[in-house]
Amino acid sequence: MAKFLYMLDFRIHQNLVHIKYLRGIHAVYAIKAVYTQGKNFGINEDCGIKVKLGVEYAEESELTNLRLDLLKKVSTNLLKAQGFNVQDEVCDHNYVFTIKSVGKTIDKNERYVCGAVVNSSKKKEKCLTVESYMQNKISKVKELCDQRHPDDLVARSNSEEDIKKIADASVSHELLSTKHISTVMLKNFDNIDKSVKEGSYILYNNVRMNAVLDKYAQLLLKGEIPQIPEVENLFTFSTLDIEEWNLFYNYIIKYPDVLKATVTFHPKLNVNVHLLWSFVSSLCHEFSRYYEKNRFLMPNPTFDSRISELCSERLHLLRSLRIILRNSLALLEVEEVQYM
């Protein structure tokens, strides 16, 4: 309560109390929390609940089994982030990821029913193998790179490792951005599908963030830009506009609430992996719009205080968003790429 009051300004005028919410102070407070906690920002302490997760594989459907494996892996990360003790031994709460809603299970497992991967006929996909599926994604990623940079061989020269990472991100987005109980319908392989575009777009924005901060470090080393003040020495952000505040509020301040919403335990277990994918996608799209309209690094040979303050606040915003994005991608088991 004391921290909240610290962010309010009280004025009395004509026997009325006017309360102003000091967004700049709240933004600085949020950044300090992100910097201090780093990878642990939004992570809860041990809640004392032990959980065991397993998988009951589907017959004749490699892609459905791939989805079940990915759901289990990311659900494990999200449960741990909310303080659950996920273990391999049988305990009080045992769940098996399956597409079957009825039938016997071993070790008294409770069914965690998930949707299958289906084809355009809305029938469970049985013909396509994981290997063929992945090769198609890799081909689509290469095709997308060629379309974006038709005349730039350097920009098109992503390593095979990075291309594989982008393909993996696309697969995760396609199979996990839909609520677990719903089926996933495969799109037409003749065109570049949305999952490839979205997976590459998200990783591209992460690369953008890294590039700006790397450039700042280079300019600072050359003495062409002043060093931004340490966040411990900041009290408020005075140049904060509505667009920047939306980024702060929706993607930094609200991040712990987003993580909390990914797991519900009562009356039954639900791990909402799709919510985190939706958050990551929204963050990258909103950041991209902001990035296109604003500059983070501006020539400042005279070290003008107004320009320095503006750059400082934008760079602190960028650093915080990068931490949030990196943390989210790690929970989703998505690896970063170095260049795109």
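This is a predicted model, so every value here is computed, not measured.

(A) Structural detail: the overall build of the protein chain. Secondary structure summary: the protein chain contains ten helices and ten strands in total. Within the span of the protein chain, comprising 340 residues, buried residues form 49% of the whole. In the protein chain, 76% of the contacts between residues at least 6 apart in sequence involve partners at least 24 apart. Put simply, the protein chain shows about 18,100 Å² of open surface, and 51% of that area lies on carbon and sulfur atoms.

(B) Looking closely at the sheet that holds strand S5 (residues 93–98). On the basis of which strands lie adjacent, the open sheet formed by four strands has the order S4-S3-S5-S6 and parallel pairing. In the strand order of this sheet, the two ends are held by strand S4 (85–87) and strand S6 (110–113), each with one partner. Across the sheet, the mean angle separating the axes of adjacent strands is 35 degrees when strand polarity is ignored. Both strand S3 (residues 50–55) and S4 contribute to a ladder of three bridges, which runs parallel. Within the sheet, the bridge partner assigned to Lys-50 lies in S4 and is Asn-85. Here helix H3 (residues 62–81) sits on the sheet and contacts S3, S4 and S5; the angle it forms with S3, its principal contact strand, is near 170 degrees.

(C) Region of interest: the pattern of salt bridges. Evaluation of the coordinates by the stated rule reveals 13 salt bridges. Here Lys-293 ties to Glu-243 by a salt bridge, and the two come within 3.3 Å at their closest N and O atoms. Of this pair, Lys-293 sits in helix H9 (residues 273–293) while Glu-243 sits in helix H7 (residues 242–253), placing them 50 residues apart in sequence. Exposure remark for Glu-243: the relative accessible area of 22% places this residue in the partly exposed category. Asp-257 is the salt-bridge partner of Lys-254, the closest N and O atoms lying 3.1 Å from each other. For Lys-254, a relative accessible area of 28% translates into the label partly exposed. Each of Lys-137, Glu-174 and Asp-193 takes part in a single network of salt bridges with overlapping partners.

(D) Seen up close, the confidence of the model for the protein chain. Summing up the model confidence of the protein chain, the mean pLDDT is 87 and the portion of residues at 70 or higher is 87%. When pLDDT is averaged over each helix and strand of the protein chain, the minimum, 40, is found for helix H1 (residues 2–5) and the maximum, 98, for H3. Contacts from residues 1–6, a stretch scored under 50 in pLDDT, to residues over four places away or in other chains number five contacts. In the predicted structure, residues 150–156 sits below a pLDDT of 50 and forms seven contacts with residues beyond four places in sequence or in another chain.

(E) Seen up close, the packing of aromatic side chains. Following the criterion strictly, the structure yields eleven aromatic pairs and no others. Aromatic pair Trp-245 and Tyr-249: ring centres 5.8 Å apart, planes at 35 degrees, arrangement tilted. Remark: Tyr-249 and Trp-245 occur in helix H7; sequence separation between them is four residues, near one turn of the helix. By relative accessible area, which is 6% here, Trp-245 ends up buried. Looking at Tyr-249, the relative accessible area reads 33%, which means it is partly exposed. Centroid distance Tyr-290 to Phe-296: 5.8 Å. Interplanar angle 75 degrees. Geometry classified as edge-to-face. Given a relative accessible area of 0%, Tyr-290 falls into the buried group. Its relative accessible area of 5% is what places Phe-296 among the buried residues. Counting every residue linked through ring pairs, the aromatic cluster contains Phe-41, Tyr-251, Tyr-255 and Phe-279.

(F) Seen up close, helix H2 (residues 23–37). The terminal C-alpha atoms of H2, which comprises 15 residues, lie 21 Å apart, in line with the 21 Å expected from a rise of 1.5 Å per residue. Within the span of H2, buried status applies to Gly-24, Ile-25, His-26, Ala-27, Val-28, Ala-30, Ile-31, Ala-33 and Val-34. Remark: Gly-38 follows H2 within two positions and exhibits a positive phi of approximately 55 degrees.

(G) Quick look at the pairing of S3. What joins S3 to S4 is H3, and the crossover it makes is right-handed. Taken together, the five bridges between S3 and S5 define a ladder with parallel strand orientation. Residue pairing across strands places Lys-52 opposite Asn-94, the latter belonging to S5.

(H) Region of the structure containing unusual backbone geometry. Pro-267 follows His-266 through a cis peptide bond whose omega is 5 degrees. Examined against the element boundaries, Pro-267 turns out to sit in the loop between strand S9 (263–264) and strand S10 (270–271). With phi around 65 degrees, Lys-122 is a residue other than glycine that occupies positive phi space. Within the element layout of this structure, Lys-122 appears in the loop between strand S7 (117–118) and helix H4 (130–148).

(I) Broad picture of the environment of Lys-142. By the element assignment, Lys-142 lies in helix H4. Taking relative accessible area as the criterion, Lys-142 reaches 33% and is therefore assigned partly exposed. For Lys-142 and Ile-166, which are 24 residues apart along the polypeptide, the C-alpha to C-alpha distance reads 9.7 Å. Those residues in contact with Lys-142 that sit more than four places away from it in its chain are Glu-160 and Ile-163.

Conventions we followed
- Residues numbered from 1 in each chain as written.
- Predicted model: local features only at pLDDT ≥ 70, side-chain atom pairs only at ≥ 80, totals over all residues.
- Heavy atoms only, no water.
- Helix = DSSP H or I, 4+ residues; strand = E, 2+ residues; numbered from the N terminus.
- Buried < 20%, exposed > 50% of the residue type's maximum accessible area, 1.4 Å probe, protein only.
- Contact = heavy atoms within 4.5 Å.
- Areas by Shrake-Rupley, 256 points an atom, 1.4 Å probe, with all protein chains shown as cover.
- Pairing = 2+ DSSP bridges.
- Axes fitted to C-alpha atoms, helices over the stretch in contact; angles between N-to-C directions.
- Salt bridge = Lys/Arg side-chain N within 4 Å of Asp/Glu carboxyl O.
- pLDDT = per-residue confidence, 0-100.
- Phe/Tyr/Trp six-rings, centres within 6.5 Å; stacked < 30°, edge-to-face > 60°.
- Expected span 1.5 Å × (residues − 1).
- Right-handed = clockwise from strand over helix to strand, strands pointing away.

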